[in-house]
Amino acid sequence: MHLQPLVPTAGLQHLTIAGKQGALALSHCTGSAIAMVFVHADPGSSRQWVDLIKYFSARHGLVAYDTRGAGASAAAENDDYSFQGRSEDLAQVVDVLGYKKIVIVAHSGGAAVAMQYATDNAERVAGLFLLDPPADPQQLPEQMWSEIIATLKGEDAEQTFLSFIASIAGSDTAVRAQIQQDAQKIAERARPAMTQALSKWDPAVAYRGVTAPVYMLTTPENIGLVKLWDLQDGQHSVSHSSGHWIQLDDPDLVIAKLTGFLNQLEN
């Protein structure tokens, strides 16, 4: 079944596949260079990759998909929004498109999904390019996480969720509007479940499972992962964009850093 284009870029094909928890909507194209898979943030959608897709689709095979409970994809039938469950959707996308080796470009919570996939499918991952992964959730006490999750199940859940998104969306009016629109499409039951998954995520353990090369482009707020993961010079850089969505605030920077990472992998 064909959908309305998720990413309005010439040359992309738009379709759905049968995910383990419901239909997944994706946009993809073929190319001669290594395939790239784009995984958006928890409160995001595939259209947040439009600038990168326009640039890299000239040479690379690539796919951007809406994760379960986001964008045009179905909500999870059993409310499983764990990083393990979402990485299984990523595996289905890769398998359906027949990719043998991929570079995963992942933003925010999507980085945890990508790292889980890379741990479980090491032989298929050539590299991970991570955009502003979440700060270490262990920095917040468990009680605070419990209160946040409870709020996301209560009467003020939507307003709380959207207010938080607004607080990290940056200063660009158009970018903020797009991010808010995408956040409003997140399935209601997905919001607390995704937050629950994040609260239990251990970035140190996640990184130990990854054997592929990693490059991280982060904002100053999340730079603590550089030390936690012992990233060396050439493995990370910092964006000073005003918001968490670096690929929307400063796509030229992301394209430049990702191009450099791809060149390293090819060499």
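Rules behind the numbers
- Residues numbered from 1 in each chain as written.
- Predicted model: local features only at pLDDT ≥ 70, side-chain atom pairs only at ≥ 80, totals over all residues.
- Heavy atoms only, no water.
- Pairing = 2+ DSSP bridges.
- Helix = DSSP H or I, 4+ residues; strand = E, 2+ residues; numbered from the N terminus.
- Axes fitted to C-alpha atoms, helices over the stretch in contact; angles between N-to-C directions.
- Contact = heavy atoms within 4.5 Å.
- Salt bridge = Lys/Arg side-chain N within 4 Å of Asp/Glu carboxyl O.
- Buried < 20%, exposed > 50% of the residue type's maximum accessible area, 1.4 Å probe, protein only.
- Core = buried A, V, L, I, M, F, W, Y, C linked by side-chain atoms within 4.5 Å.
- Parallel < 35°, antiparallel > 145°, perpendicular 65-115°, else oblique.
- Left-handed = near helix turned anticlockwise from the far one by under 90°.
- Nonpolar A, V, L, I, M, F, W, Y, C, P; charged D, E, K, R; others polar.
- Phe/Tyr/Trp six-rings, centres within 6.5 Å; stacked < 30°, edge-to-face > 60°.

Attention now goes to the sheet that holds strand β5 (residues 102-107). The strand order β1-β2-β4-β3-β5-β6-β7-β8 describes an open sheet built from eight strands, whose pairing is mixed. Edge positions in the sheet fall to β1 (13-19) and β8 (236-238), since each has one partner strand and no second. Sheet twist, expressed as the mean angle between neighbouring strand axes with direction ignored, is 20°. Across the sheet, helix α3 (residues 109-120) is in contact with β3 (33-39), β5 and β6 (125-131); its angle to β5 comes to roughly 150°. On the sheet, helix α11 (residues 251-266) packs against β3, β4 (60-65), β5, β6, β7 (214-218) and β8 and is oriented at approximately 160° with respect to β6.

Here we come to the pattern of salt bridges. Pairing between side chains of opposite charge can happen when the charged atoms of each approach one another. Applying the stated criterion across every chain yields a total of nine salt bridges. Of the charged contacts, one joins arginine 68 and aspartate 80 as a salt bridge, the two residues approaching to 3.8 Å between their closest N and O atoms. Taken together, the positions of arginine 68 in the loop between β4 and α2 (83-97) and aspartate 80 in the loop between β4 and α2 put the pair twelve residues apart, joining distant regions of the chain. Residue arginine 68 is classed as buried on the basis of its relative accessible area of 2%. Since its relative accessible area comes to 25%, aspartate 80 is described here as partly exposed. Taking the shortest distance from any N to any O, the salt bridge between arginine 68 and aspartate 89 comes out at 2.6 Å. In this pair, arginine 68 is assigned in the loop between β4 and α2 and aspartate 89 in helix α2, connecting sequence segments 21 residues apart. We note that arginine 68, like aspartate 89, is buried.

Time to look at the nonpolar core. Ranked by internal contacts, the top residues of the largest apolar core, which has 42 residues, are Val37, Leu90, Ile104, Met115, Leu128 and Trp229. A total of seven residues in this core trace back to one element, the largest contributor, which is α3.

Take the packing of α2 against α3 next. Contact geometry of α2 with α3 gives a least axis separation of 8 Å together with a crossing angle of 70°. The orientation of α2 with respect to α3, classified from their angle, is roughly perpendicular. Along this stretch, α2 crosses α3, giving a crossing that reads as right-handed. Listed contacts from α3 to Phe83, Gln84, Arg86, Ser87, Leu90, Ala91 and Val94 of α2 are Gly109, Ala112, Val113, Ala114, Gln116, Tyr117 and Asp120. In the contact of α2 with α3, the residues fall into eight nonpolar, four polar and two charged.

Each aromatic ring pair is described using two quantities: the centre-to-centre distance and the angle formed by the ring planes. Throughout the structure, instances matching the rule amount to seven aromatic pairs. Consider the rings of tyrosine 55 and phenylalanine 56, whose centres lie 4.9 Å apart with planes at 80°: the pair is edge-to-face. Residue class for tyrosine 55 comes out partly exposed when judged on its relative accessible area of 47%. Residues phenylalanine 129 and tyrosine 215 carry aromatic rings whose centres are separated by 5.7 Å and whose planes lie at 5° to one another, so their mutual orientation is stacked. Of this pair, phenylalanine 129 sits in strand β6 while tyrosine 215 is found in strand β7, placing the two residues 86 residues apart along the sequence. Residue classification places phenylalanine 129 among the buried residues on the basis of a relative accessible area of 0%. Among the aromatic residues, those joined into a ring-pair cluster are Phe129, Tyr215 and Phe261.

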